[in-house]
Amino acid sequence: MSVKELARVGVRWLRESALDAYGLSSVLYSHIRPEPHVRESWPGSVDLNAASRVAVFNHFDRHGTVSPFVHYYLQQIHEAGYAILFVSNAPRLDPVAVERLTPVCGVILRRDNVGRDFGAYKDGIQAIPSVERLDSLLLANDSVYGPFHDLRSLIARMSLAEPVRSANPRIL
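Residues numbered from 1 in each chain as written. Predicted model: local features only at pLDDT ≥ 70, side-chain atom pairs only at ≥ 80, totals over all residues. Heavy atoms only, no water.

Chemist: Account for the overall build of the protein chain, with residues named and values stated.
Modeler: Looking only at helices and strands, the protein chain has 6 helices and 5 strands in total. Tracing the protein chain from N to C terminus, the helices and strands come up as α-α-β-β-α-β-α-β-α-β-α. Nonlocal contacts in the protein chain, meaning residues at least 24 apart in sequence, comprise 76% of its contacts between residues at least 6 apart. As presented, the protein chain carries roughly 10700 Å² of accessible surface, and 59% of it is formed by carbon and sulfur atoms. (Helix = DSSP H or I, 4+ residues; strand = E, 2+ residues; numbered from the N terminus. Contact = heavy atoms within 4.5 Å. Areas by Shrake-Rupley, 256 points an atom, 1.4 Å probe, with all protein chains shown as cover.)

Next up, the structure:
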């Protein structure tokens, strides 16, 4: 198969795949752009330095608001023993939302929406003071509506499972 035919197959596959052009370019751009994507940061009330369990929570709302179900979800994560690092990909974050987030979060970040959820997780993990000290790292986002049940029992079951470790020693 010639390079030209191979390129045609690749283009057709991309067109037929679930990735849209913006998503693909955003993910690729997040890997080649060296400067950080975080634009604003607010301290929370929870001490991330003392935390052994951290949840990196990704949020997006084009108006910068945080829905009531997200606040409920965050409260459940907090009550399950996690310090929350809230990362918003919104173009702006409403000051009232920041004020409501402060009691359950260690840090609140607003970043460019580069790399979408995974870019936010990356920046959130980089903001954790001592990743190597963590007993548990939870990645969550606001695309899940709920929870409908107490998260503590689910997280307790997860804690009994075999830990997942990265093959890359620089990560975990």
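Chemist: Requested: an account of the sheet that holds strand 3 (residues 83-88), with residues and values cited.
Modeler: Backbone hydrogen bonds hold the strands of a sheet together, and the pairing may be parallel or antiparallel. In spatial order, the strands read 1-4-3-2-5; together these 5 strands make up an open sheet with mixed pairing. A strand with exactly one partner marks an edge of an open sheet, and here the two such strands are strand 1 (38-43) and strand 5 (136-141). Ignoring which end each strand starts from, the neighbouring axes of this sheet average 15 degrees apart. Pairing analysis gives 6 bridges linking strand 2 (residues 53-59) to strand 3, with the strands arranged parallel. Pairing of histidine 59 across the sheet is with serine 88, part of strand 3. Packed on one face of the sheet, helix 5 (residues 116-126) meets strand 1, strand 2, strand 3, strand 4 (105-111) and strand 5 and runs near 145 degrees to strand 2. (Pairing = 2+ DSSP bridges. Axes fitted to C-alpha atoms, helices over the stretch in contact; angles between N-to-C directions.)

Chemist: Lay out helix 3 (residues 68-79) in plain terms, naming residues and giving numbers.
Modeler: Spacing of three or four residues puts side chains on the same side of an α-helix, whose turn is 3.6 residues. Taking 1.5 Å as the rise per residue, helix 3 with 12 residues should run 16 Å; its terminal C-alpha atoms sit 17 Å apart, in good agreement. Among the residues of helix 3, Val70, His71, Tyr73, Leu74, Gln76 and Ile77 are the ones counted as buried. At the exit of helix 3 stands glycine 81, carrying a positive phi of roughly 100 degrees. (Expected span 1.5 Å × (residues − 1). Buried < 20%, exposed > 50% of the residue type's maximum accessible area, 1.4 Å probe, protein only.)

Chemist: If you had to explain helix 5 to someone new, which residues and values would you point to?
Modeler: Looking only at helix 5, the buried set comprises Gly119, Ala120, Tyr121, Asp123 and Gly124. In this structure, the buried side of helix 5 is in contact with strand 1, strand 2, strand 3, strand 4 and strand 5.

Chemist: An account of the side chain of asparagine 89 is needed here, citing residue identities and associated values.
Modeler: Mapped onto the elements, asparagine 89 comes out in the loop between strand 3 and helix 4 (95-101). Exposure remark for asparagine 89: the relative accessible area of 2% places this residue in the buried category. In this structure the side chain of asparagine 89 is engaged in a polar contact, spanning 3.1 Å, whose partner is the side chain of asparagine 113. Within the local environment of asparagine 89, its side chain forms a polar contact with the backbone oxygen of arginine 116, the two atoms lying 3.2 Å apart. Apart from the residues lying within four places of it in its own chain, the contact partners of asparagine 89 are Asn58, His59, Phe60, Arg111, Asp112, Asn113, Arg116, Asp117 and Ala120. (Polar contact = N/O pair within 3.5 Å; in protein donor to acceptor, adjacent residues only side chain to side chain.)

Chemist: Explain the packing of aromatic side chains residue by residue, including any values.
Modeler: Counted by the stated rule, this structure contains 3 aromatic pairs. With centroids separated by 5.2 Å and ring planes inclined at 85 degrees, the aromatic side chains of phenylalanine 57 and tyrosine 73 adopt a geometry described as edge-to-face. Of this pair, phenylalanine 57 sits in strand 2 while tyrosine 73 is found in helix 3, placing the two residues 16 residues apart along the sequence. Here the two residues phenylalanine 57 and tyrosine 73 agree in accessibility, since each one is buried. Measuring from ring centre to ring centre gives 5.9 Å for phenylalanine 57 and phenylalanine 86, while their planes differ by 10 degrees; the resulting arrangement is stacked. Of the two residues, phenylalanine 57 sits in strand 2 while phenylalanine 86 sits in strand 3, which places them 29 residues apart along the sequence. (Phe/Tyr/Trp six-rings, centres within 6.5 Å; stacked < 30°, edge-to-face > 60°.)

Everything listed is a geometric property; what it means functionally is a separate question.
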